[in-house]
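Breakdown of the fold
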Amino acid sequence: MEFKRTTVVTTIAVVIMLIGGAISAPKTWIVGDEYGWDTIINVEQWPEGKHFYAGDILVFNYDYRDSNVVKLLNKTGYDTCTKPEGAEEYESGNDKIPLDFGLNHFISGYPVQCQAGLKMFINATAPPN
Ligand SMILES: *[C@@H]1O[C@H](CO)[C@@H](O)[C@H](O)[C@H]1NC(C)=O
Ligand SMILES: *[C@@H]1O[C@H](CO)[C@@H](O)[C@H](O)[C@H]1NC(C)=O
């Protein structure tokens with residue numbers, strides 16, 4: 001009896017640890033889902049209704065010959081679709097970019113695409129413990 005109770009308690013503890021681990025693990029998001037990082041959808045609205053934590057990974061899928069991703073240091077450049085000095089540029093076509101705590105701004109480095117709406121910002125909260 002005592003052995004069985006211990007086994008049950010241990011099993012429950014392991015299950016709770018597994019669930020906890022699954023919840024706090026960083027999530028990977030495909031930006032634009034099946035459409036990707038593309039003016040074909042309204043990328044700026046894609047984050048709506050989703051909750052992002054710092055450390056979550058954004059995957060940007062696009063044709064590297066036609067586009068790129070610029071991660072701004074702050075909001076500077078976002079409204080004007082310009083790439084400021086020091087902004088990080090990604091151009092692999094399959095970029096995996098972790099979210100920083102707070103605001104993260106992304107634009108296409110191609111001004112015409114950015115002006116057509118290929119930009120977005122995400123406000124990431126602290127990850128759960
Ligand atoms: C915002 O980033 C730009 C460079 O992209 C930098 O020049 C500016 O100082 C930054 N502003 C703040 C408030 O950090
Ligand atoms: C980002 O989220 C924080 C709370 O997590 C909030 O205080 C802040 O106002 C938000 N910023 C914007 C620009 O929405």
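Look above for the structure.
Residues numbered from 1 in each chain as written. Chains lettered and ligands numbered in written order. Predicted model: local features only at pLDDT ≥ 70, side-chain atom pairs only at ≥ 80, totals over all residues. Heavy atoms only, no water.

1. A closer look at the sheet that holds strand E4 (residues 88-90)
Reading across the sheet, the 4 strands line up as E4-E3-E6-E7 and stay open at both edges, with antiparallel pairing between neighbours. Because the sheet does not close on itself, it has two edges, and the strands there are E4 and strand E7 (119-124). In this sheet, neighbouring strand axes are inclined to one another by 25 degrees on average, regardless of whether the strands run parallel or antiparallel. (Pairing = 2+ DSSP bridges. Helix = DSSP H or I, 4+ residues; strand = E, 2+ residues; numbered from the N terminus. Axes fitted to C-alpha atoms, helices over the stretch in contact; angles between N-to-C directions.)

2. Thoughts on the site of ligand 1
All residues adjacent to ligand 1 are Leu73, Asn74, Thr76, Pro84 and Glu85. Between ligand 1 and Asn74, the relevant distance is 2.4 Å, taken from an oxygen atom to a side-chain nitrogen or oxygen of the residue. In the complex, 39% of the free accessible area of ligand 1, which totals 360 Å², lies under the protein chains. Of the residues contributing to the shell around ligand 1, the split by class is 2 nonpolar, 2 polar and 1 charged. (Near = heavy atom within 4 Å. Polar contact = N/O pair within 3.5 Å; in protein donor to acceptor, adjacent residues only side chain to side chain. Areas by Shrake-Rupley, 256 points an atom, 1.4 Å probe, with all protein chains shown as cover. Nonpolar A, V, L, I, M, F, W, Y, C, P; charged D, E, K, R; others polar.)

3. Concerning the site of ligand 2
Near ligand 2 you find Leu103, Asn123 and Thr125, and these make up its full shell. Here Asn123 contributes a side-chain N or O atom positioned 2.4 Å from an oxygen atom of ligand 2. Against a free-state accessible area of 360 Å², the protein chains account for coverage of 30% of ligand 2.

From the geometry alone we can't say anything about function, so treat these as descriptive.
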